[in-house]
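Below, each chain spelled out in residue letters.
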Amino acid sequence: MKYAYYPGCSAESTASDMHQSTLAVARALGIDLVEPKGWTCCGATAGHQTDRLLAVSLPAANLTKVQDMKLDMMVNCAACYNRMKVANHEISSHPAIRKGVRDALDRDYDGSVKVHHLVEVLLQDVGLPTITKSLKRSLNGLKVACYYGCLLVRPPEILKFDDPENPKSLDQLVTAMGGKSLDWPCKVECCGGGLSLSRTDVVVQLSEGIIEMACASGADCIAVSCPMCQVNLDLRQQDINKQTGKNYQIPIVYITQLLGLCLGIGPGELGFNKLMVPASNVLEKVHERA
Amino acid sequence: MITIKKNKTSRALKDAVELLSGVDLSVCFQCKKCSSGCPVAKLAKTRPSEIMRRLHLGAGDELLASDLIWVCASCETCSTRCPMGIDVAAVMDALRRLALERGAATPKGNVPLFNRAFLKTVETFGRSYEIGLITAYKLGTGKLMNDTGKFPAMLKKGKIALLPPRGGDRKTVKRIFRKIKESKTTKA
């Protein structure tokens, strides 16, 4: 099982914990990941808010690199995953966009490189039976609120990731790990995404709603698969507490960090030390499988 | 009820939005599902369904100064839930691009400045560079020290990279930016 792994820019900075845990989990499960040489930014939200052709050409520059490797692309960052799939869709359904991309890249691209999210690779290619067999430790009933956010599930007709209103893929992984995945209403609510710096007030308000609901549902932690969700819920928790006078202390962990723990990998290698709200309750709960 | 002054109507904005977004605004029957699901509607003066209606009625460029355009987080709940399959998020993207092109006033916050700073680091380094982006953005807002209290802890934890990214194919990215600027000048 071999994929061209596109880490995305945050992997080198605010989401280095996501990157570390992705690599560690892949190694433990025998997934071979190769980074495309010279990969570049997907353009993110700023790209598509500014120019349609720019928003398609930036991902296409990476998709063509992967095409040359004759591999499928695997992405863990929900935002990059979204932009890659939307770019493929735009290029294959609009000849004018395809022509514009050809001019920008000096090369034709038909939008055919397959793009998978890591969670899809885990569930569809590796499969839950193999994952379950590889587990050394259990989440031991840890109550996890799985939070999907926006970019993993929308737009559903292009991403085809999961049910856009009540996705279950992260929950399936948590259940397989021996955790208790919670039924809660904020799975696909928006945290404010890319407005973190430009409209911090909006992010604080939206993220508080999500954290409040997770706590009210009895969650020990929130599991995410998007670097923007992680940063907004984790890093902004302090601001939320300051502005609301509340005292939330709920860890926001990547699903790959939880899976890594259960595969027997140490918390240091999984980047647990990088979380702003410490996940000590999670680490204490995880036990060897009976 | 949404009304529009007669002398203020123009087809130009509706046509430009439909061309940029590929959306047929006339199929909207104002069920307001986009507004009920919108996470930021409560924080803006204008709701998505109202934007759709005003566009359809022939609103002019004054609509480009609506606060919703820049508080929209592009979560795409509206597009996902629209019973007529209208890509409302694409309409919002089109309105943002037109607002930039036509120099419309930006209400609260400074999302265009943030987007420019973000894309500038991408154009320069091939990948986004958070510290460069944050500095450029804060210099632009004139509030350099605002919201920087977390920096020491983030640096210590390795939660943010100090140095600019290396290893990205800068040549290709520079070409993309240059080609897109060129295609805009030929059109104009």
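1. Side note on the environment of Met92 of chain B
Phase 1: When you line up the elements, Met92 of chain B lands in helix α6 (residues 88-101).
Phase 2: Note: C-alpha distance between Met92 of chain B and Ile180 of chain B (88 residues apart in sequence) is 21 Å.

2. Considerations on the sheet that holds strand β7 (residues 180-181) of chain A
Residue and element names in this part refer to chain A.
Phase 1: Overall, parallel pairing links the four strands, which are arranged β7-β6-β8-β9 in an open sheet. Every interior strand has two partners, whereas the edge strands, β7 and β9 (252-254), have only one.
Phase 2: When strand β6 (residues 143-146) meets β7, the two strands line up parallel, connected through two bridges. When the sheet's bridge partners are listed, Lys143 is paired in β7 with Lys180.
Phase 3: Along the sheet face, helix α11 (residues 227-235) touches β8 (221-224) and β9 and points at about 155 degrees away from the line of β9.

3. Things to note about α6 of chain B
Phase 1: End to end, α6 of chain B covers 20 Å across 14 residues, agreeing with the expected 20 Å (1.5 Å per residue, within 8%).
Phase 2: α6 of chain B sits mainly inside the fold: 10 of its 14 residues count as buried.
Phase 3: Considered for burial, the residues of α6 of chain B that qualify are Val88, Ala89, Ala90, Val91, Met92, Asp93, Ala94, Leu95, Arg96 and Ala99 of chain B.
Phase 4: On its buried face, α6 of chain B is in contact with α2 (44-50) of chain A together with α1 (12-21), α2 (33-37), α3 (48-57), α4 (68-71) and α5 (77-81) of chain B.

4. A look at the domain arrangement of chain A
Residue and element names in this part refer to chain A.
Phase 1: Each domain of chain A was delimited in the assignment, giving domain 1 (2-117) and domain 2 (135-288).
Phase 2: Looking at the side of domain 1 that touches domain 2 element by element, the count peaks at nine residues for helix α1 (residues 16-29).
Phase 3: Tallied by class, residues from the side of domain 1 that touches domain 2 come to 12 nonpolar, 11 polar and two charged.

5. Description of the sheet that holds strand β4 (residues 115-117) of chain A
All names here are of chain A.
Phase 1: Strands sit in the order β2-β1-β3-β4 across an open sheet of four strands; the sheet is parallel. Looking at the sheet topology across the chains shown, the edges are occupied by β2 (32-34) and β4. Taken pair by pair, the neighbouring strands of this sheet meet at an average axis angle of 40 degrees, ignoring direction.
Phase 2: Looking at chain direction, strand β3 (residues 73-75) and β4 are connected through three bridges and run parallel. By the bridge assignment, Met74 is partnered in β4 with His116.
Phase 3: Of the strands in this sheet, β1 (2-6), β3 and β4 touch helix α4 (residues 78-93), which is tilted by about 155 degrees from β4.
Phase 4: Each of β1, β3 and β4 touches helix α6 (residues 118-126); the most contacted strand, β4, lies at about 85 degrees to it.

6. Details of the domain arrangement of chain B
Phase 1: Splitting chain B by domain gives domain 1 (6-101) and domain 2 (111-187).
Phase 2: Averaged C-alpha coordinates put domain 1 of chain B and domain 2 of chain B at centres separated by 28 Å.

7. Digging into the pairing of β8 of chain A
All names here are of chain A.
Phase 1: Because side chains alternate across β8, one face comprises the buried residues Cys221 and Ala223, and the other comprises Ile222 and Val224, equally buried.
Phase 2: By the bridge criterion, three bridges tie β6 to β8 in an arrangement that is parallel. Each residue of the ladder has a partner; that of Cys146, found in β8, is Ala223.
Phase 3: As paired elements, β8 and β9 share three bridges and run parallel to each other.

8. Section: unusual backbone geometry
Phase 1: Cis geometry marks the peptide bond from Arg154 of chain A to Pro155 of chain A; its omega dihedral reads -5 degrees.
Phase 2: Mapped onto the elements, Pro155 of chain A comes out in the loop between β6 and α8 (156-159).
Phase 3: Phi angles above zero are rare outside glycine, and Asp106 of chain A is one such case at about 60 degrees.
Phase 4: For Asp106 of chain A, the location among the structural elements is in the loop between α5 (95-105) and β4.
Phase 5: Residue Asp106 of chain A is classed as exposed on the basis of its C-beta count, with 10 C-beta atoms lying within 10 Å.
Phase 6: Of note, Gln30 of chain B is a non-glycine position whose phi angle comes to about 60 degrees, a positive value.
Phase 7: Mapped onto the fold, Gln30 of chain B is located in the loop between α1 and α2.

Rules and cut-offs
Residues numbered from 1 in each chain as written. Chains lettered and ligands numbered in written order. Predicted model: local features only at pLDDT ≥ 70, side-chain atom pairs only at ≥ 80, totals over all residues. Helix = DSSP H or I, 4+ residues; strand = E, 2+ residues; numbered from the N terminus. Pairing = 2+ DSSP bridges. Contact = placed C-beta atoms within 7 Å. Axes fitted to C-alpha atoms, helices over the stretch in contact; angles between N-to-C directions. Expected span 1.5 Å × (residues − 1). Buried ≥ 20, exposed ≤ 12 C-beta atoms within 10 Å, placed from the backbone. Domains from an automatic or database assignment. Nonpolar A, V, L, I, M, F, W, Y, C, P; charged D, E, K, R; others polar.

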